[in-house]
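# A closer look at the structure
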Amino acid sequence: MKNHIKSYRNEANITQQQLADLVSISSRTIISLEKGRYNPSVLLAYKIARVFKVSIEELFIFEEDDENEQ
């Protein structure tokens, strides 16, 4: 899943570790999220969105799976 975490984080001028501390996860998880290697739980997505004062939809890019639409 693609997201805008890195751009929001850079705009807020906070490090990966600072963001991780704010949402009570490891910095490794933030790195994985930013690289699109990890899909967060709804609760984690909500917590990160709250840090940046944006909606989950503004932070994460949900892509439909074309195969499931057929």
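Scroll up to find the structure.
Before going into details, it helps to say that this report is about the structure given with it. (Residues numbered from 1 in each chain as written. Predicted model: local features only at pLDDT ≥ 70, side-chain atom pairs only at ≥ 80, totals over all residues. Heavy atoms only, no water.)

### A word on the pattern of salt bridges
Between side chains of opposite charge, a pair can form when the charged atoms approach closely. Scanning the model with the defined rule gives one salt bridge in all. For arginine 9, the salt bridge goes to glutamate 34, with nearest N and O atoms at 2.6 Å. Of this pair, arginine 9 sits in helix 1 (residues 5-12) while glutamate 34 sits in helix 3 (residues 27-34), and the two are 25 residues apart along the sequence. Look at glutamate 34 and you get buried, because its relative accessible area is 17%. (Salt bridge = Lys/Arg side-chain N within 4 Å of Asp/Glu carboxyl O. Helix = DSSP H or I, 4+ residues; strand = E, 2+ residues; numbered from the N terminus. Buried < 20%, exposed > 50% of the residue type's maximum accessible area, 1.4 Å probe, protein only.)

### Overview of the packing of helix 2 (residues 16-23) against helix 4 (residues 42-52)
For the pair helix 2 and helix 4, the least separation of the axes is 10 Å and the interaxial angle reads 115 degrees. Remark: the crossing between helix 2 and helix 4 carries right-handed chirality. Side by side, helix 2 and helix 4 meet where Leu19, Leu22 and Val23 of the first sit next to Leu44, Lys47, Ile48, Val51 and Phe52 of the second. (Axes fitted to C-alpha atoms, helices over the stretch in contact; angles between N-to-C directions. Left-handed = near helix turned anticlockwise from the far one by under 90°. Contact = heavy atoms within 4.5 Å.)

### Quick notes on unusual backbone geometry
Notably, asparagine 13 is not glycine yet its phi reads approximately 60 degrees, a positive angle. Its place among the elements puts asparagine 13 in the loop between helix 1 and helix 2. Its identity as a non-glycine residue notwithstanding, serine 24 has a phi of 60 degrees, on the positive side. Since its relative accessible area comes to 63%, serine 24 is described here as exposed.

### Topic: the environment of tyrosine 38
Here tyrosine 38 shows up in the loop between helix 3 and helix 4. Note on tyrosine 38: relative accessible area 37%, which makes it partly exposed. Considering only alpha carbons, one finds tyrosine 38 and serine 26, 12 residues apart in sequence, at a separation of 13 Å.

### Considerations on the side chain of asparagine 3
Structurally, asparagine 3 is set in strand 1 (residues 2-3). Within the structure, the side chain of asparagine 3 is placed 2.6 Å from the backbone oxygen of leucine 33, a separation counted as a polar contact. (Polar contact = N/O pair within 3.5 Å; in protein donor to acceptor, adjacent residues only side chain to side chain.)

### Overview of the nonpolar core
The biggest cluster of nonpolar side chains holds 17 residues, and the ones touching the most others in it are Ile5, Ile48, Phe52 and Leu59. Breaking this core down by element, the ones donating at least two residues are helix 1, helix 2, helix 3, helix 4 and helix 5 (56-59). (Core = buried A, V, L, I, M, F, W, Y, C linked by side-chain atoms within 4.5 Å.)

### A few points about helix 4
Within helix 4 the residues assigned to the buried category are Leu44, Ala45, Ile48, Ala49 and Phe52. Burial along helix 4 is one-sided: seen end-on, the buried residues are contained in an arc of 135 degrees. Exposed and oriented more than 90 degrees from the buried face of helix 4 are Val42, Leu43 and Arg50. Those residues of helix 4 hidden inside the fold are in contact with helix 1, helix 2, helix 3, helix 5 and strand 2 (60-61). At the C-terminal side of helix 4, lysine 53 shows a positive phi close to 60 degrees. (Arc of directions from axis to C-beta.)

Everything listed here is a matter of coordinates, which is why it stays silent on function.
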